[in-house]
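Listed below are the residues making up each chain.
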Amino acid sequence: MGKNSRERREARRRSHGSAPRHTAPEAGSVTLAELNDLISMAARYAAAAPRAAGPRIQLLNELAAAAESPQLNPASLVAGEVLSRISRAWEYGWQPQELVHALRRHTSAAAAAWFSRAVLVDARRSDAMQQAPDTWRTQLGLLAARHDGSATLLSPDGDASHAEWETALVALDFIRDLPRSQLLVPPPSQWGRVRRQASMHTNEGHAKTIVRVRALLAKAESTEFAPEAEALTAKAQDIMTRHAIDEALLHDDAGDPVDVQGIRVLIDHPYALEKARLLDVVARANRTRAVWNDFASSMTLLGVPTDLEQVEMLFTSALVQATRAMTQAGQEARPSAGERSSGFRKAFLSAYATRIGERLAASNAEATSAYGTDLVPVFQRQAEAIDDEFDRLFPHVTSGSRRATFDARGWDAGMRAADAAVLPAGSIEG
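Below or above, wherever it landed, is the structure these notes cover. These figures come from a predicted structure and were not determined experimentally. Note that residues are indexed from 1 along each chain, following the sequence as it is written. Per-residue local features are limited, in this predicted model, to residues with pLDDT of at least 70; the limit for side-chain atom pairs, both in listing and counting, is 80 or more; totals at the level of whole chains, interfaces and linings are taken over all residues. In computing side-chain values, all of the structure's heavy atoms are included and hydrogens and water are not.

### Remarks on the side chain of Gln261
Test applied: Numbered from the N terminus, helices here are DSSP runs of H or I no shorter than four residues, and strands are runs of E no shorter than two. Pairing of N or O atoms within 3.5 Å defines a polar contact, subject to two protein rules: one partner must be a possible hydrogen donor and the other a possible acceptor, and residues neighboring in sequence count only if both atoms are side-chain atoms.
Along the chain, Gln261 falls in strand E1 (residues 261-266). Among the polar contacts made by the side chain of Gln261, one reaches the side chain of Asp259 at a distance of 3.0 Å.

Below you can see the structure in the form of structure tokens.
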């Protein structure tokens, strides 16, 4: 074969992303540096061009079968690096569920499932179920309910399947470029030096209130009769608002410092930005600050514990009602009417959020007016403490709005649905 022909053939091979043919590796013939380079290349191909990753995955399996020690076994190296970077992610502010949620958004369900197993393996190594804060242990429990925590993430014997290798490499590629987040709870390195963070509330009275409110909201969301739903949700809001204000006044009278905490709410696609905007207006109406993280597809909420719980419950209930109304509008419309289009649904949710924000603000003003001027200094101190914590965690945050062309029918339907949504009148019983 002439030189030009060989060069053309090599160029075609590179353009199609195919790997050169390999002979079976011999034990001890590959250095650690070469292995790491091969793993990095395979991870990039698995993430960006999975069809071209096959030859590299086959070579990794062959090297694993021929490896004489874990230090030179590519399967052990990949699993070990993923676990090491998971541990590092906790120190950067990430928490179990949100890390899996972010990986799922940027990769695949299969990669997220494999990564969930890795998170559970890391949890056993750190004794998280005994040492971690309550919210951390709750998240691990939810992951464990859906995924097994097999200690073997990738077979070191050279018999791992192509799919297993691909999901592991995709997860590795993702976590290598993971940005920092904000520390809302103590990371593993602090579990032995600080007291376990208490749950938002531990008193029996509060627990009973939350159970009662959640039960009322669940009934309101499940009923098909609007008057019944309105009565149930109004009662739930009255109970929660009364409880929140009473707690604020009680802590202020006792001279307690303002307890500002942070939580993250995971936002699912599609229409994540529109759902996030709905959460933002609910947060603003309840004295809570919110920050959207597009990479993680989540909202960080900062506020006092009672308000944070109220925001989560109101958002969940409002989103259930919005989704039901939006789906119903699509089912009742003619197939060609446009009510099932993406533009219609985005406009629907945006209008719904706008109108819900107006209604919540009015409801909140009516509720707090029943307490007169006593609440003004209390809420002022809360706002200052929340702002201080916000500035500490997000010193470089920016705010703005997106320019968008809304579907007029979707906007109108969203406004009507928000007007019909079940919200409290704002009254507080004595």
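### Describing the sheet that holds E1
Rules: For two strands to count as paired, DSSP must find a minimum of two bridges between them. Whenever a helix is involved, its axis is fitted only over the stretch in contact; in every case the axis is a line through C-alpha atoms, and angles between N-to-C directions fall within 0 to 180 degrees. The criterion used for residue contact is that any of the two residues' heavy atoms lie within 4.5 Å.
Spatially, three strands are ordered E1-E3-E2 in an open sheet, and the strand pairing comes out antiparallel. Two strands lie at the open edges of the sheet, namely E1 and strand E2 (289-293), each paired on one side alone. Pairwise comparison of adjacent strand axes, ignoring direction, gives a mean angle of 20° for this sheet. Here E2 runs beside strand E3 (residues 298-303); their pairing, made up of five bridges, is antiparallel. From the neighbouring strand, Asn293 faces E3, where its bridge partner is Ser298. Packed onto the sheet, helix H15 (residues 375-393) meets E2 and E3 and runs at close to 140° relative to E3.

### Notes on the pairing of E3
What counts is decided by this rule: Only protein chains enter the accessibility calculation, which uses a 1.4 Å probe; a residue whose area is less than 20% of its type maximum is buried, one above 50% is exposed, and one in between is partly exposed.
Of all six residues making up E3, six are buried, and the element is well covered by its neighbours. Looking at chain direction, E1 and E3 are connected through six bridges and run antiparallel. Bridging from a neighbouring strand, Arg264 pairs with Thr300 of E3. Where E2 folds back on E3, the antiparallel hairpin that results is connected by four residues, among which Ser297 adopts a positive phi of roughly 50°.

### As for the packing of helix H3 (residues 54-66) against helix H9 (residues 162-176)
Rule in force here: Our angle categories are set so that under 35 degrees counts as roughly parallel, over 145 as roughly antiparallel, 65 to 115 as roughly perpendicular, and the remainder as oblique.
Put simply, H3 and H9 touch, their axes get as near as 10 Å, and they point 100° apart. Classified by the angle between their axes, H3 and H9 sit roughly perpendicular to one another. Side by side, H3 and H9 meet where Gly54, Ile57, Leu60 and Asn61 of the first sit next to His162, Trp165, Glu166 and Leu169 of the second.

### A short note on H9
Note the cut-off: Here the expected length of a helix is defined as 1.5 Å per residue gap, with one fewer gap than residues.
When the terminal C-alpha atoms of H9 are compared, their 21 Å separation across 15 residues agrees well with the 21 Å that a helix rising 1.5 Å per residue should span. Buried within H9 are the following residues: Trp165, Thr167, Ala168, Leu169, Val170, Ala171, Leu172, Asp173, Phe174 and Ile175. The secondary structure elements touched by the buried residues of H9 are helix H2 (32-48), H3, helix H4 (74-91), helix H5 (96-106) and helix H6 (109-126).

### Overview of the packing of helix H12 (residues 272-285) against helix H14 (residues 342-369)
Each pair of packed helices can be described by the angle between their axes along with the distance between the axes. Note the following rule: Side-chain classes are defined by residue name, with Ala, Val, Leu, Ile, Met, Phe, Trp, Tyr, Cys and Pro counting as nonpolar, Asp, Glu, Lys and Arg as charged, and the others, Gly among them, as polar.
At a closest axis distance of 9 Å, the pairing of H12 and H14 adopts a crossing angle of 5°. Overall, the two elements H12 and H14 adopt an arrangement that is roughly parallel. The segment H12 lies against H14, with Glu274, Arg277, Leu278, Val281, Val282 and Ala285 engaging Lys346, Leu349, Ser350, Tyr352, Ala353, Thr354, Ile356, Gly357, Leu360, Ala361 and Asn364. Across the contact of H12 with H14, the residue classes tally to ten nonpolar, four polar and three charged.

### Points about the environment of Ser399
Along the chain, the position of Ser399 falls in the loop between H15 and helix H16 (408-420). Accessibility expressed as a relative area gives 77% for Ser399, which makes it exposed. Counting along the chain gives 108 residues from Ser399 to Val291, while the straight-line C-alpha distance between them is 9.0 Å.

### What about the packing of aromatic side chains?
To keep it simple, the criterion reads: Working definition: a ring pair exists when centres of Phe, Tyr or Trp rings (six-membered ring for Trp) sit within 6.5 Å. Plane angles under 30 degrees give stacked, over 60 give edge-to-face, the rest tilted. Put simply, a charge is over a ring when the Lys NZ or the Arg CZ is close to the ring centre, within 6 Å, and near the line of the ring normal, within 35 degrees.
As enumerated under the stated definition, the model contains seven aromatic pairs in all. For the pair Trp90 and Trp136, a centre-to-centre distance of 5.0 Å together with 80° between the ring planes defines the contact as edge-to-face. Here Trp136 lies in helix H8 (residues 134-146) and Trp90 lies in helix H4, a separation of 46 residues in the sequence. An angle of 85° between the planes, with centres 5.4 Å apart, marks the rings of Trp136 and Trp191 as edge-to-face. Of this pair, Trp136 sits in helix H8 while Trp191 sits in the loop between H9 and helix H10 (204-222), placing them 55 residues apart in sequence. Relative accessible area serves as the criterion here: at 8%, Trp191 is assigned to the buried category. Grouping aromatic residues by their ring pairs yields a cluster made of Trp90, Trp136 and Trp191. Positioned over the ring face of Tyr45 is Arg56, at 3.9 Å from the centre of the ring. When the ring centre of Phe390 is taken as origin, the NZ or CZ atom of Arg289, which lies over that ring, is 3.6 Å away.

### Some words on H2
Note on helix geometry: an α-helix contains 3.6 residues per turn, so any two residues three or four positions apart are oriented the same way. The condition is simple: In this context, the arc is that of the directions from the helix axis out to the C-beta atoms.
If you check H2, its first and last C-alpha atoms are 24 Å apart, about what 17 residues at 1.5 Å a residue would give, namely 24 Å. The complete set of buried residues in H2 reads Leu35, Leu38, Ile39, Ala42, Ala43, Tyr45 and Ala46. The buried side chains of H2 occupy one side of the element, clustering within an arc of 165° when seen end-on. Among the exposed residues of H2, those oriented more than 90 degrees off its buried face are Asp37 and Ala48.

### Considering the nonpolar core
Basically, it comes down to this: By nonpolar core we mean a set of buried residues, namely Ala, Val, Leu, Ile, Met, Phe, Trp, Tyr and Cys, connected to one another through side-chain atoms within 4.5 Å.
Judged by nonpolar contacts, the single largest core of 55 residues is most densely connected at Phe115, Trp165 and Leu169. Of all the secondary-structure elements, those providing two or more residues to this core are H2, H3, H4, H5, H6, H8 and H9. Ranked by residue count, the leading element in this core is H6, at nine residues. If we skip the residues at most four places from it in the chain, Trp165 touches Ile57, Leu60, Asn61, Pro74, Ala75, Val78, Leu154 and Ala160. Counting 29 residues, the second-largest nonpolar core is a separate cluster that includes Ile263, Met299, Leu308 and Leu319.

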